[in-house]
Amino acid sequence: AFGNLNELRNAITPETGGILVEPIQGEGGYRAAPDGYLKGLRAVCEEYGLLLMYDEVQCGMARSGDLFAYEAEDAAPDIMALAKGIGGGFPIGACLATAEAAKGMGVGSHGSTYGGNPLAMAVGNAVLDVMLADDFLGHVRKMADRFETRLAELMKTHPDVFIERRGRGLMRGLRCAEDVPNTDMVTRLRDAGLLVVGAGDNVVRMAPPLIIEAGQIDAGAKILGDVAGAWKTAEKAAE
């Protein structure tokens, strides 16, 4: 189970070669690793001689408020997968590894038809220029704080619709009540002008552009509140 170090230890056998985890789950419902979990994984891997691998395809590239989500715990991996945000919308993926972990992949041992595409590399380089500029991450964190405040207000105002908030930075999710299917909520929000997607555990997930401004966060929160209010009004009318 995600976040359970005891269960993980018990699952290790002589055949285990590594541990692969998302520091913040994406499709699984925007669940952030519990405090201390990543450091615990790092310690387990050191103890058993295992590779620690992170999938930061969704949570990496400043989405969490740090360039990489694992930096919140300073628990570096041996191998890490990146994509999506690294291209700013252009298709690009990357696999990062320490020198020690990469020893098993000598020149010519791994090939990819589209690997090292010059245009993709230029785009990725340009995206990094923006993300590594002064105060880019500071802006993400500032907007994330505002986002968190608005979501907390929504839960307080509509506790019978939104029962839990998930995620970190500008990777946020709201878990809906059991009688509020997230698929229906996603449709209603889209119809109202807010683009969101569903995720596991009945979660509505939101991943706004990292350059979002305060007014846009407030506008999105208003749509969430309006739709949640209309949902319960319609339910009461049906009764």
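The written sequence of each chain sets the order in which its residues are numbered from 1. In keeping with the predicted nature of the model, local features appear solely for residues at pLDDT of at least 70, side-chain atom pairs appear and are counted solely at 80 or more, and the whole-chain, interface and lining totals rest on all residues. Note that water and hydrogens are dropped before the side-chain values are worked out from all heavy atoms of the structure.

K.L.:
Would you mind going over the environment of A219 with me for this structure?
P.N.:
In this description a helix means any DSSP run of H or I spanning at least four residues, a strand means any run of E spanning at least two, and both kinds are numbered starting from the N terminus. Take A219: it is sitting in helix 6 (residues 214-238). Taking the relative accessible area as the measure of exposure, A219 reaches 40% and is therefore partly exposed. Sequence separation of A219 and P209 is ten residues, and the distance between their C-alpha atoms is 14 Å. Only protein chains enter the accessibility calculation, which uses a 1.4 Å probe; a residue is then buried when its area is under 20% of its type maximum, exposed when over 50%, and partly exposed in between.

K.L.:
Please explain helix 2 (residues 37-48) as it appears in this structure.
P.N.:
In an α-helix, one turn spans 3.6 residues, which is why side chains three or four residues apart end up on the same side. In a helix, the anticipated span is given by 1.5 Å times the number of residues less one. Here helix 2 spans 16 Å end to end across twelve residues, near enough to the 16 Å set by a 1.5 Å rise per residue. Listing the buried residues of helix 2 in full gives Y37, L38, G40, L41, R42, V44 and C45. Among the residues trailing helix 2, G49 stands out with phi positive, at a value near 70°.

K.L.:
What is the right way to look at the environment of T183 in this model?
P.N.:
In this fold, T183 is placed in helix 5 (residues 182-191). When its relative accessible area of 52% is taken as the criterion, T183 is described as exposed. The spatial distance from the C-alpha of T183 to the C-alpha of E153 is 22 Å, given a sequence separation of 30 residues.

K.L.:
What should I look at first to understand the sheet that holds strand 7 (residues 197-199) in this one?
P.N.:
The strands that make up a sheet are held in pairs by hydrogen bonds between backbone atoms, and each pair lies either parallel or antiparallel. The pairing criterion is simple: DSSP has to find at least two bridges between the two strands. Spatial ordering of the open sheet is given by 5-6-8-7, a layout of four strands whose pairing is antiparallel. Each edge of the open sheet carries a strand with a single partner, namely strand 5 (162-168) and strand 7. Geometrically, the sheet is characterised by an average inter-axis angle of 30° between neighbouring strands, direction not taken into account. By the bridge criterion, three bridges tie strand 7 to strand 8 (residues 203-206) in an arrangement that is antiparallel. Its bridge partner lying in strand 8, G198 is registered against V204. For helices, the fitted axis covers only the stretch in contact; all axes are lines through C-alpha atoms, and the angles between them, taken along N-to-C directions, range from 0 to 180 degrees.

K.L.:
Could you clarify how one ought to interpret the packing of aromatic side chains in this entry?
P.N.:
Ring pairs (aromatic) are described by centroid distance and by the angle formed between their planes. Only the six-membered ring of Trp is used, alongside the rings of Phe and Tyr, when aromatic pairs are assigned; centres must lie within 6.5 Å, and planes under 30 degrees apart are stacked while those over 60 apart are edge-to-face, with the rest tilted. Across all of its chains, the model carries three aromatic pairs by this definition. When the ring of F68 is compared with that of Y70, the centres are 6.0 Å apart and the planes differ by 10°; the resulting orientation is stacked. Assigned by exposure class, F68 and Y70 land together as buried. Three or more aromatic residues joined by ring pairs form one cluster here, namely Y54, F68 and Y70.

K.L.:
What should I look at first to understand the nonpolar core in this one?
P.N.:
In globular proteins that are soluble, nonpolar side chains generally tend to be buried together. Of all hydrophobic cores here, the largest spans 57 residues; its most connected members are F162, M185 and L224. At nine residues, helix 4 (residues 136-157) tops the list of elements feeding residues into this core. Here, two residues are considered to be in contact whenever any of their heavy atoms come within 4.5 Å of each other. Dropping the residues within four chain positions of it, M185 is found in contact with V161, F162, C176, V180, V204, V227 and W231. For our purposes a nonpolar core is just a set of buried Ala, Val, Leu, Ile, Met, Phe, Trp, Tyr and Cys residues, chained together by side-chain atoms within 4.5 Å. Ranked by size, the runner-up nonpolar core spans five residues in total, among them Y30, C59, A69 and M171.

K.L.:
Teacher, can you tell me more about the state of the cysteines here?
P.N.:
Defined simply, a disulfide is a covalent bond joining two cysteines at their sulfur atoms. Two cysteine sulfur atoms form a disulfide, by the criterion used here, when they sit within 2.5 Å. With the rule as written, the count across this model stands at zero disulfides. Lacking any disulfide linkage, C95 is separated from the closest cysteine sulfur, that of C59, by 15 Å.

K.L.:
How should I be thinking about the sheet that holds strand 4 (residues 93-97) in this particular structure?
P.N.:
Strand order in the open sheet formed by four strands is 1-2-3-4, and the pairing between neighbours is mixed. In this open sheet, the two strands that pair with only one neighbour each are strand 1 (18-21) and strand 4. Geometrically, the sheet is characterised by an average inter-axis angle of 15° between neighbouring strands, direction not taken into account. Relative to strand 3 (residues 79-83), strand 2 (residues 51-55) is paired through three bridges, and the arrangement is parallel. Bridging from a neighbouring strand, Y54 pairs with M80 of strand 3.

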